[in-house]
Amino acid sequence: MARVAPVESESAAPRSRELLAEQVASHGRATNMKRTLAHSPTALFALMRWYDLHAEVRAFLGDRLTTLFALAISAQTDCLICSTFFRRWLTEAGEDPDRPALGDRERAVVEFGRQLARDANAVSDDLYARATAGLTDGQVVALTAFGGLMIATNVFNNALKVELDEYLFPFRKGAAT
């Protein structure tokens, strides 16, 4: 059971209502996570910068590897909402989220994501070099910041026990799709 109930858009603070309306216009829905964040317009605004970082990282990693990176972080933190969300994206792209075919570069980026979530202080020089090979300093910063914001959304969902949205039920690990 959620520790903080999601707010209905109509009863949210004016700034939160605005931000939720932007989410619905851009993404078709305001999820339980976003409606829970809407209790604090500042928190909602801050975590919705995820979309900006996601777009920046997608521009240099591509859709698939960006999704695999986010899924690796979300699975490592055991975030039901985020891991199920990214499982959905992979499934809808025709991929098995439990057995993605990974090349060396992809494996390194996925492991970098997992290590960020496990213990960012323990990212080895070897892993860092393999995961960031060919990236500019700006891209490394964007990727790492995206990973950090991904971890923040996972922490938020896990700590407040935000409930999984129904549209994601078929994509849960172990669910028949």
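Presented here is a report on the structure given in the accompanying data block. The shown structure was predicted, so the numbers you read here are calculated from the model rather than taken from an experiment. (Residues numbered from 1 in each chain as written. Predicted model: local features only at pLDDT ≥ 70, side-chain atom pairs only at ≥ 80, totals over all residues. Heavy atoms only, no water.)

With that out of the way, let us pick up the layout of surface pockets. If a probe as big as a water molecule is rolled over the atoms, it shows which places are left empty. Space inside the largest pocket adds up to approximately 360 Å³. Around the largest pocket, the lining comprises 21 residues; the ones closest to its centre are Lys34, Trp50, Tyr51, Phe85 and Tyr167. Taken together, the elements giving at least two residues each to the lining of the largest pocket come down to α2 (32-37), α4 (50-61), α6 (80-92) and α9 (137-160). Per-element accounting of the lining of the largest pocket gives the leading share, 6 residues, to α6. Volume-wise, the second largest pocket comes out at about 310 Å³. Along the wall of the second largest pocket there are 19 residues; nearest its centre are Leu71, Ala75, Arg87, Pro97 and Lys173. Ranked by residues supplied to the lining of the second largest pocket, first place goes to helix α5 (residues 63-76) with 5 residues. Partitioning the lining of the second largest pocket into residue classes produces 10 nonpolar, 3 polar and 6 charged. (1 Å grid on protein atoms, 1.4 Å probe; cavity = no way out; pocket = protein on both sides within 12 Å on 5 of 7 lines; lining within 4 Å. Points joined across faces, edges and corners; volume = space filled by probe spheres on them. Helix = DSSP H or I, 4+ residues; strand = E, 2+ residues; numbered from the N terminus. Nonpolar A, V, L, I, M, F, W, Y, C, P; charged D, E, K, R; others polar.)

Moving on to the pattern of salt bridges. A complete count under the given rule lists 14 salt bridges for this structure. When the shortest N-O distance is used, the salt bridge between Arg49 and Asp52 registers 2.8 Å. Judged by relative accessible area, Arg49 falls into the partly exposed class, the value being 29%. The salt bridge partner of Arg64 is Glu95, with a shortest N-O separation of 2.6 Å. Note that Arg64 is positioned in helix α5 and Glu95 in the loop between α6 and α7 (104-119), a separation of 31 residues in sequence. Owing to a relative accessible area of 26%, Arg64 belongs among the partly exposed residues under this scheme. The network of salt bridges with common partners includes Arg64, Glu95 and Glu106. (Salt bridge = Lys/Arg side-chain N within 4 Å of Asp/Glu carboxyl O. Buried < 20%, exposed > 50% of the residue type's maximum accessible area, 1.4 Å probe, protein only.)

With 14 residues, helix α1 (residues 14-27) should cover 20 Å at 1.5 Å per step; its first-to-last C-alpha distance of 20 Å lies within 8% of that length. Within the sequence span of α1, burial applies to Ser16, Leu19, Leu20 and Gln23. Buried residues in α1, looked at end-on, bunch into an arc of 100 degrees, giving them a common side. Of the residues in α1, the exposed ones pointing more than 90 degrees away from the buried face are Pro14 and Ala25. Against the buried residues of α1 lie α2, α3 (41-47) and α4. Among the residues trailing α1, Gly28 stands out with phi positive, at a value near 85 degrees. (Expected span 1.5 Å × (residues − 1). Arc of directions from axis to C-beta. Contact = heavy atoms within 4.5 Å.)

A separate point is the packing of aromatic side chains. Applying the stated criterion across every chain, the model contains 8 aromatic pairs. Between Trp50 and Phe86, the aromatic rings sit 6.1 Å apart at their centres with planes inclined by 35 degrees, giving tilted as the arrangement. Of the two residues, Trp50 is situated in helix α4 and Phe86 in helix α6; the sequence distance between them amounts to 36 residues. Owing to a relative accessible area of 7%, Trp50 belongs among the buried residues under this scheme. Ring geometry for Trp50 and Phe146: centres 5.6 Å apart, planes at 45 degrees, overall tilted. Within this pair, whereas Trp50 is found in helix α4, its partner Phe146 is found in helix α9, the two being separated by 96 residues in sequence. Here the aromatic cluster, defined as three or more aromatic residues joined through ring pairs, consists of Trp50, Tyr51, Phe69, Phe85, Phe86, Trp89, Phe112 and Phe146. One residue, Arg29, lies across the ring of Tyr167, its end atom 3.5 Å from the ring centre. The ring centre of Phe169 lies 4.7 Å from the NZ or CZ of Arg172, which sits over that ring. (Phe/Tyr/Trp six-rings, centres within 6.5 Å; stacked < 30°, edge-to-face > 60°. Lys NZ or Arg CZ within 6 Å of the ring centre and 35° of its normal.)

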